[in-house]
Amino acid sequence: MLKVKQYVKAESLEQAYELNQKRANRIIGGMLWMKMSNTRVHTVIDLSGLGLDQIEENEEEFSIGCMVSLRQLELHEGLDACSQGAIRESVRHIVGVQFRNLATVGGSIFGRFGFSDILTCFLAMDTYVELYKGGVIPLEEFAERKKDNDILVRLIVKKTPACHVYLTHRNTKTDFPVLAVALSVNENAGKVVVGARPAKAMCLPLKEEWVQSMILGNCTQDEAEKMAQELAAQIPTGSNTRASAAYRHRLAEVLIKRGILKLLEERGQRYAD
């Protein structure tokens, strides 16, 4: 059972940062996972009064405040168009609408949970995080860091022209993913991200010749299968109550192949338009 001694609604990021330096204090987002923990917290720090619950868009990027809900991500037309539906697909299976109305982007990203659909999807895009003290760094770099007491202020998603795909396998519709796969390809490079291994999502670059083959539309189903097998072989998987390591390895092959074929389909449709 979670026990909290004091609640503070932060009046500034500086105040929130200072309070968060004490190990007994915690920043709260939607407080959906924290409330299920069995721990004592001296002070919970609420950022909801700092105007960080908006998605802002300009010609170059999206700025997503840490208090933006997953439901806001799901419904944002600009993000949906930029990601070809990948962002919406990554959140639509997360429990239910009531849950997504409360769960926050900051909580999903800062936690770096192995099961995180959000982290897996955004790692495949040209994404950065803005930390209060740490500045702006690539999300991939942030995901590899150990947790500290800095504050994640916002996500920054660049409008880099690319094709994106997000796929998962779940044992039941609203359960955590057994495996999650996100892929992206632009004119110069590509990457595949595999999450729920069940460890934290990891990124693998696509070989230059693979990217060129996909761009030119020369990639066959057999070639896609060979790519998927080679990529899956580099991804460590583990076992838990949802699936075995061997099952996850096979799923990785299947989902990566499907993702590659879907990317080819998206590129074909884009050029046809």
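Anything mentioned here points back to the structure above.
Description of the structure in this document.

Each value, and the rule that gives it
- Residues numbered from 1 in each chain as written.
- Predicted model: local features only at pLDDT ≥ 70, side-chain atom pairs only at ≥ 80, totals over all residues.
- Heavy atoms only, no water.
- Pairing = 2+ DSSP bridges.
- Helix = DSSP H or I, 4+ residues; strand = E, 2+ residues; numbered from the N terminus.
- Axes fitted to C-alpha atoms, helices over the stretch in contact; angles between N-to-C directions.
- Contact = heavy atoms within 4.5 Å.
- Phe/Tyr/Trp six-rings, centres within 6.5 Å; stacked < 30°, edge-to-face > 60°.
- Buried < 20%, exposed > 50% of the residue type's maximum accessible area, 1.4 Å probe, protein only.
- Arc of directions from axis to C-beta.

## Topic: the sheet that holds strand S2 (residues 25–28)
Inference 1: An order of S1-S3-S2 is seen for the three strands of this open sheet, with the pairing classed as parallel. Each end of this open sheet is capped by a strand with a single partner; those strands are strand S1 (3–9) and S2. On average, adjacent strands in this sheet sit at an angle of 30 degrees to one another, irrespective of strand direction.
Inference 2: One ladder, built from six bridges, connects S1 with strand S3 (residues 40–46); its direction is parallel. Following the sheet pairing, Val4 is matched in S3 by Val41.
Inference 3: Each of S1, S2 and S3 touches helix H1 (residues 13–20); the most contacted strand, S2, lies at about 140 degrees to it.

## Overview of the packing of aromatic side chains
Geometry of an aromatic ring pair is reported as the spacing of the ring centres plus the angle between the planes.
Inference 1: Enumeration over the complete set of coordinates arrives at four aromatic pairs.
Inference 2: Pairing Tyr17 with Tyr132 gives two aromatic rings, centres 5.7 Å apart and planes at 50 degrees, and the pair type is tilted. Note that Tyr17 is positioned in helix H1 and Tyr132 in the loop between strand S6 (127–131) and strand S7 (135–138), a separation of 115 residues in sequence.
Inference 3: Residues Phe115 and Phe176 carry aromatic rings whose centres are separated by 4.3 Å and whose planes lie at 25 degrees to one another, so their mutual orientation is stacked. Of this pair, Phe115 sits in the loop between helix H6 (105–111) and helix H7 (117–123) while Phe176 is found in the loop between strand S9 (163–169) and strand S10 (179–185), placing the two residues 61 residues apart along the sequence.
Inference 4: Take Phe115: its relative accessible area is 27%, and that puts it in the partly exposed class.
Inference 5: Each residue in the set Phe113, Phe115 and Phe176 is aromatic and connected to the rest through ring pairs, giving one cluster.

## Re H1
Turn by turn, an α-helix covers 3.6 residues, leaving residues three or four places apart pointing in a common direction.
Inference 1: The complete set of buried residues in H1 reads Leu13, Ala16, Tyr17 and Asn20. The arc that holds every buried residue of H1, seen down its axis, measures 100 degrees, which confines them to one face.
Inference 2: On the buried face of H1, the contacting elements are S2, S3 and strand S8 (152–158).

## What to know about unusual backbone geometry
Inference 1: A cis amide bond, omega 20 degrees, links Arg197 with the succeeding residue Pro198.
Inference 2: With phi around 50 degrees, Gln84 is a residue other than glycine that occupies positive phi space.
Inference 3: Structurally, the position occupied by Gln84 is in the loop between helix H3 (77–82) and helix H4 (86–91).

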